[in-house]
Amino acid sequence: MLKNNQPKKIIKLIYLFLFIFSSVHLNAQNSGENKMGAWYMYNSSHKLSNKFALKTMAHFRYFETSSEFQQEIYRLGANYSFNKKTNLTLGVSYSTGDLAYNEPSIHLYEFRFYEDLNTTSIWGNFTANHRFRLEHRFIHKNIFEDVTQNWFRYNLNVSYPISKNLSVYIFNELFLNIDRAKRFAQNWTGGGLLYKMNQNLKLKMGYFQIKLPTKVYRRLQLGVIVNTDFRKKII
């Protein structure tokens, strides 16, 4: 038989559970964690010679599929190929964005210098691309605060051909802020489909999760990849 004060304890526990659940749900709403966001992406590579290429990128990122702006980022890089499996990119990028969902950061912008080492491995029918990136970030948070950070990123992308023009891919990218004692910053994990329209154009569609130290976001990816070749044709 329950003691006289036992029902009151149970009611208090129920109220406590409801309070915790509503607080977590409200926090997810305020942070945008319960929203399905989207990235609209343009990536390109322009072959200038057997060794050199120009890399360009423009991404438009949203907390929701078509609203609640999160970030736009533009990237330009010079690429040098050592061989068919190894190449190096040196570049610069510029971005603006909002630090939080539904909270505009009107003064925020950032410049980055970056160095990429890209390698390719063949595992049977699987192709694994490894990217090791160093980023030097110059962040203008507001009119009173400027921050400099150095990040290391490692991206593993594994693809498998389903047909001549269609392939499936999975990827994981780890972000470390090497200026901090607690270096973990982000982790991206996802996958998708890549469709080759022709030699110059590919379409990309995928889904991934962004894991931060205290938050997890979900994102769709819709992208266009353009590859051109400006080398002189030998007749």
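None of these values were measured; they are calculated from a predicted model.

A. Region of the structure containing the overall build of the chain. Counting its secondary structure elements, the chain contains one helix and 11 strands. Along the chain, helices (α) and strands (β) appear in the sequence α-β-β-β-β-β-β-β-β-β-β-β when read from the amino end. Every one of the 235 residues in the chain was classed for burial, and the buried ones make up 34%. Total accessible area on the chain is roughly 15,100 Å²; 63% of this is exposed by carbon and sulfur atoms.

B. Up close: the pairing of strand β11 (residues 216-229). Where strand β1 (residues 36-47) and β11 come together, 12 bridges link them in parallel fashion. Counterpart to Tyr40 in the pairing with β11 is Leu222. Sheet topology places strand β10 (residues 201-211) next to β11; 11 bridges connect them, and they run antiparallel. Bridged to Leu203 within β11 is Val224.

C. Looking closely at the nonpolar core. Judged by nonpolar contacts, the single largest core of 16 residues is most densely connected at Trp39, Phe171, Phe175, Trp188, Phe208, Ile210 and Tyr217. Those elements that place two or more of their residues in this core are β1, β8 (166-177), β9 (184-196), β10 and β11. Setting aside chain neighbours within four positions, we find Phe171 in contact with Asn155, Leu156, Asn157, Trp188, Thr189, Gly190, Gly191, Phe208 and Gln221.

D. Quick look at the packing of aromatic side chains. Under the criterion given, the structure shown has 19 aromatic pairs. Ring centres of Phe63 and Tyr217 lie 6.0 Å apart, and the angle between their planes is 65°; on these two criteria the pair is classed as edge-to-face. Highlighted residues: Phe63 in the loop between β2 (52-62) and β3 (69-81) and Tyr217 in strand β11, separated in sequence by 154 residues. Here Phe63 and Tyr217 have matching classes, each one buried. Plain terms: the ring middles of Phe171 and Phe208 are 5.8 Å apart, the flat faces sit at 50° to each other, and that makes the pair tilted.

E. View of the pattern of salt bridges. For the structure on display, the rule yields nine salt bridges. A salt bridge links Glu110 to Arg112, with the shortest nitrogen-to-oxygen separation between them at 2.7 Å. For Glu110, a relative accessible area of 6% corresponds to the buried category. Between Arg231 and Asp229 there is a salt bridge whose closest N-O contact spans 2.7 Å. Residue classification places Arg231 among the partly exposed positions, given a relative accessible area of 32%.

F. A look at the pairing of β3. When β2 meets β3, the two strands line up antiparallel, connected through 11 bridges. In the strand pairing of β3, Phe52 is matched with Tyr80. Counted along the chain from β2 to the antiparallel partner β3, the turn is six residues long, and its residue Glu68 has a positive phi close to 60°. Where β3 and strand β4 (residues 86-97) come together, 11 bridges link them in antiparallel fashion.

G. Representation of the side chain of Gln149 within the structure. Relative to the helices and strands, Gln149 is located in strand β7 (residues 145-161). Here the side chain of Gln149 touches Trp151 through a polar contact of 2.9 Å, side chain to side chain.

H. Inspection of the layout of surface pockets at higher detail. Taken as a whole, the second largest pocket spans an internal volume of roughly 1,100 Å³. For the second largest pocket, the lining is made up of 43 residues, of which Leu99, Arg137, Trp151, Gln186 and Leu212 are closest to its centre. For the lining of the second largest pocket, the secondary structure elements donating two or more residues are α1 (6-31), β3, β4, β5 (109-123), β6 (126-142), β7, β8 and β9.

Scoring rules and cut-offs
Residues numbered from 1 in each chain as written. Predicted model: local features only at pLDDT ≥ 70, side-chain atom pairs only at ≥ 80, totals over all residues. Heavy atoms only, no water. Helix = DSSP H or I, 4+ residues; strand = E, 2+ residues; numbered from the N terminus. Buried < 20%, exposed > 50% of the residue type's maximum accessible area, 1.4 Å probe, protein only. Areas by Shrake-Rupley, 256 points an atom, 1.4 Å probe, with all protein chains shown as cover. Pairing = 2+ DSSP bridges. Core = buried A, V, L, I, M, F, W, Y, C linked by side-chain atoms within 4.5 Å. Contact = heavy atoms within 4.5 Å. Phe/Tyr/Trp six-rings, centres within 6.5 Å; stacked < 30°, edge-to-face > 60°. Salt bridge = Lys/Arg side-chain N within 4 Å of Asp/Glu carboxyl O. Polar contact = N/O pair within 3.5 Å; in protein donor to acceptor, adjacent residues only side chain to side chain. 1 Å grid on protein atoms, 1.4 Å probe; cavity = no way out; pocket = protein on both sides within 12 Å on 5 of 7 lines; lining within 4 Å. Points joined across faces, edges and corners; volume = space filled by probe spheres on them.

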